[in-house]
Amino acid sequence: MVRITETILRDAHQSLAATRMRTADMVPIIEKLDQVGFYSLEAWGGATFDTCIRYLNEDPWERLRIIKKAAKTTPIQMLLRGQNLVGYRHYSDDVVEKFVTLASKNGVDIFRVFDAVNDIRNMEASIKAARKCGARVQGTICYTLSPVHSNDKFVEMAKELAALDCDSICIKDMAGLIMPEPAADLVSRLKKEVGLPVDLHCHCTNGIAPMSYYAAAGSGVDILDTAMSPFGFGTSQPATESIVGALQGTPYDTGLDLKLLAEIAEYFWKVKEKYGAIIDPILERIDVNVLVYQIPGGMLSNLVSQLKQQNKMELYDAVLKEVPVVRRELGYPPLVTPTSQIVGTQAVLNVVMGERYKVVPKEVKDYVKGFYGRSPAPVDPEIQKKVIGDEQPITVRPADLLKPEMPGVIAAVNGLGLKNVKDEDYITYALYPPVAEKFLKGEIKPEALEPKAAPAKKSKLGPSARRFLIEMDGQVKEIRIEALDAPLPPIGVAVTAQPQAEAVVEEASSNGAVTSPMQGTILKVNVKVGDSVKKGDVIAVLEAMKMENDIVAHSSGTVKAVYAQKGKNVDANAVLAVIE
């Protein structure tokens, strides 16, 4: 008999709908999901935590409590990124222990723990914390293909996880790369040499996953991950109903009721209609190119979202080709969060900027420095030099370099002047300080589900048009003006409009403008008018595509104007400051 882990409440919509499913759309069907008899409901972790506070204005802890209350018999499972928890960097051990403790208290029964580079040192703290809480732990292997990965190494990793007292082993095939024969071989070897229950988690990007599932079943796999059909296939998991139907009458029969599954699917078809505007057809089609690009489902949806955000979807194919190049240069990390985000964002930047590694996010620099753990293969020496100069990567467990963070987090949250602060709020802030502050203050506005307005048509203004910055009532906007009968002022002139429409014209060197390389949110502004700066000084920090990017001065001089404001969204090419 094969058991089923249902992913509809987490990975399914993360893969196809950018993790945007709201809790309100889950609640009406949870009791029926609970009746099915699944091994577990994967309902939390991954990108759900971030999305809840960043885009939906929902408390992820409250979502967990609601799901747990409604699912009275089925274990609730979460995806935990080891020392990264549900974030994009390593957190100190005290944050890890507190997070896991609260997650268990609020309803998580099974912790699926993985590390993006398969560095077990980064999994130990969260595994120990979960075991201390009495929760079950699924030690996870991130399956990938490269010159430095093999089934032999995956089996050795599983033995190390078993030694850490894990209850089961998961083969996490986030890009849908595992073929039927290697799947059968790996499962049978894990069963024979490790002896723990084995769970196979595949994405269906190239359409091969159902065949690999059947091959794994024949080799003794204990659990298969599936998604209800409305949010199944494509970059998600194989459809639950299809796998249950295929295994009926075989030695691997799941024993699940197809009629009940059909009722649940009917509900989710209606839910899918609601989210249709944000589900890109690219994510639902079969794409054999994944065998070349090795891009997992969640990452593919992220790349599409990132390029749309930057109005650069025409570069999609170029980005797909750039991803495996960046991955090789960075030492073949498995493409799973956060390394998928690291590799993917750098690939997007390389293509969008028109120059490779012209802009390098902080997270990419930290990866090359070793702050995410050991890369499977050495980073390309030329790329390492370009990214971190002469600095040498660390060799210790990254978290060993982190001081306890909770005291500072508690002080910071207490300083916000909030009422009725809960233990969970402190952890939310520890994970995402800038976004969490806005969320906890009630400043996040939920994203609309309606289709976004079509992008503005390109200007018909002629080549003689000039760009101006207009400031009125404290708001800075960019306009373009084309002269018809009168001569234009020099390029780079900044026009400041007063409330009474008095125009003040200031000369500014066009070369001194510090601009945003992409659309994003200003996290920090490091300068003010009158400051002296040197070439390379960080003028501001921009959060774009969930990564932090230093915006630097391209020349030395004096800050003439500052337009960047902390917490404000900016478009690509927006002027952030002017340096003379």
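Note that this is a predicted model, so its numbers are computed, not measured.

Caption draft 1: Just the overall build of the chain, in detail. Helix and strand counts for the chain come out as 20 helices and 20 strands. Of all 580 residues assigned to the chain, the portion counted as buried reaches 56%. A sequence separation of at least 24 residues applies to 72% of the contacts in the chain between residues at least 6 apart. Only carbon and sulfur atoms are counted for the fraction: they give 52% of the accessible area of the chain, which is about 24,500 Å².

Caption draft 2: Representation of helix H11 (residues 258-274) in the model. Helix length check: H11, at 17 residues, gives a terminal C-alpha distance of 25 Å against a target of 24 Å (1.5 Å per residue), a fit within 8%. Every buried residue of H11 is accounted for by Leu260, Leu261, Ile264, Ala265, Phe268, Val271 and Lys272. Relative to the axis of H11, the buried residues are bounded by an arc of 130 degrees and lie together on one face. Along H11, the residues that are exposed and aim more than 90 degrees away from the buried face are Lys259, Lys270 and Glu273. For H11, the secondary structure elements touched by its buried residues are helix H2 (23-36) and helix H10 (240-247). Of the residues that open H11, the one with a side-chain oxygen 2.9 Å from the backbone nitrogen of Lys259 is Asp257.

Caption draft 3: Spotlight on the environment of Asp185. If you trace the backbone, Asp185 turns up in helix H8 (residues 180-193). Accessibility expressed as a relative area gives 33% for Asp185, which makes it partly exposed. Sequence separation between Asp185 and Ala215 is 30 residues; the distance between their C-alpha atoms is 9.1 Å.

Caption draft 4: Representation of unusual backbone geometry within the structure. Positive phi is not limited to glycine here, since Ala18 has a value of about 50 degrees. Mapping Ala18 onto the fold places it in the loop between helix H1 (11-16) and H2. Within the chain, Asn57 stands out as a residue other than glycine whose phi angle is a positive 55 degrees. Within the fold, Asn57 resides in the loop between helix H3 (48-56) and helix H4 (60-70). Judged by relative accessible area, Asn57 falls into the partly exposed class, the value being 32%.

Caption draft 5: A look at the sheet that holds strand E3 (residues 76-80). Strand order in the closed barrel made by the 8 strands is E1-E2-E3-E4-E5-E6-E7-E8, with parallel pairing throughout. The sheet shows a mean angle of 30 degrees between the axes of neighbouring strands, taken without regard to direction. Across 2 bridges, strand E1 (residues 3-6) lies against strand E2 (residues 40-45) in parallel orientation. If you follow Glu6 over to E2, its bridge partner there is Leu41. Against the sheet, helix H5 (residues 93-106) engages E2, E3 and strand E4 (110-113), with an angle of about 160 degrees to E3. Sheet strands in contact with H10 are E1 and strand E8 (223-226), and its direction is about 145 degrees off that of E8.

Caption draft 6: Inspection of the sheet that holds strand E13 (residues 513-515) at higher detail. In spatial order, the strands read E13-E20-E18-E15; together these 4 strands make up an open sheet with antiparallel pairing. A strand with exactly one partner marks an edge of an open sheet, and here the two such strands are E13 and strand E15 (532-533). Note: E13 against strand E20 (residues 575-579), 3 bridges, orientation antiparallel. Paired with Ala513 across the two strands is Val578, which belongs to E20.

Caption draft 7: Looking closely at the packing of aromatic side chains. The final tally for this structure, using the stated rule, is 12 aromatic pairs. Ring centres of Trp44 and Phe49 lie 5.6 Å apart, and the angle between their planes is 70 degrees; this geometry places the pair in the edge-to-face category. Across the pair, exposure class does not vary: Trp44 and Phe49 are buried alike. Between Trp44 and Phe99, the aromatic rings sit 5.9 Å apart at their centres with planes inclined by 15 degrees, giving stacked as the arrangement. Residue Trp44 is found in strand E2, and its partner Phe99 is found in helix H5; the two are separated by 55 residues along the sequence. The residues Trp44 and Phe99 share a single accessibility class, namely buried. Through a chain of ring-to-ring contacts, the aromatic side chains of Trp44, Phe49, Trp61, Tyr88, Phe99 and Tyr432 assemble into a single cluster. It is Arg20 that lies over the ring of Tyr55; its NZ or CZ is 3.8 Å from the centre.

Caption draft 8: Highlighting the environment of Ser104. Looking at the secondary structure, you find Ser104 in helix H5. Taking the C-alpha atoms as reference points, Ser104 and Ala130, separated by 26 residues in sequence, lie 7.6 Å from one another. Those residues in contact with Ser104 that lie beyond four places of it in its chain are Phe111 and Cys133.

Caption draft 9: Up close: the side chain of Arg20. Turning to its location among the elements, Arg20 is positioned in the loop between H1 and H2. Exposure remark for Arg20: the relative accessible area of 11% places this residue in the buried category. A polar contact of 2.8 Å, which involves the side chain of Arg20, links it to the side chain of Glu447. Dropping the residues within four chain positions of it, Arg20 is found in contact with His13, Thr51, Tyr55, Leu56, Tyr275, Ile278 and Glu447.

Caption draft 10: Quick peek at the nonpolar core. Within the largest apolar cluster, 141 residues are counted, with the highest numbers of intra-cluster contacts made by Phe99, Phe111, Leu190, Phe231 and Phe268. Mapped onto the domain boundaries, this core takes at least three residues apiece from domain 1 (3-275) and domain 2 (295-400). Once residues within four sequence positions are removed from consideration, Leu190 is found in contact with Ile141, Val155, Ala158, Ile169, Ile171, Gly195 and Val198. One finds Ile522, Leu542, Val559 and Leu576 within the second-largest nonpolar core, a separate group that totals 19 residues.

Calculation rules
Residues numbered from 1 in each chain as written. Predicted model: local features only at pLDDT ≥ 70, side-chain atom pairs only at ≥ 80, totals over all residues. Heavy atoms only, no water. Helix = DSSP H or I, 4+ residues; strand = E, 2+ residues; numbered from the N terminus. Buried < 20%, exposed > 50% of the residue type's maximum accessible area, 1.4 Å probe, protein only. Contact = heavy atoms within 4.5 Å. Areas by Shrake-Rupley, 256 points an atom, 1.4 Å probe, with all protein chains shown as cover. Expected span 1.5 Å × (residues − 1). Arc of directions from axis to C-beta. Polar contact = N/O pair within 3.5 Å; in protein donor to acceptor, adjacent residues only side chain to side chain. Pairing = 2+ DSSP bridges. Axes fitted to C-alpha atoms, helices over the stretch in contact; angles between N-to-C directions. Phe/Tyr/Trp six-rings, centres within 6.5 Å; stacked < 30°, edge-to-face > 60°. Lys NZ or Arg CZ within 6 Å of the ring centre and 35° of its normal. Core = buried A, V, L, I, M, F, W, Y, C linked by side-chain atoms within 4.5 Å. Domains from an automatic or database assignment.

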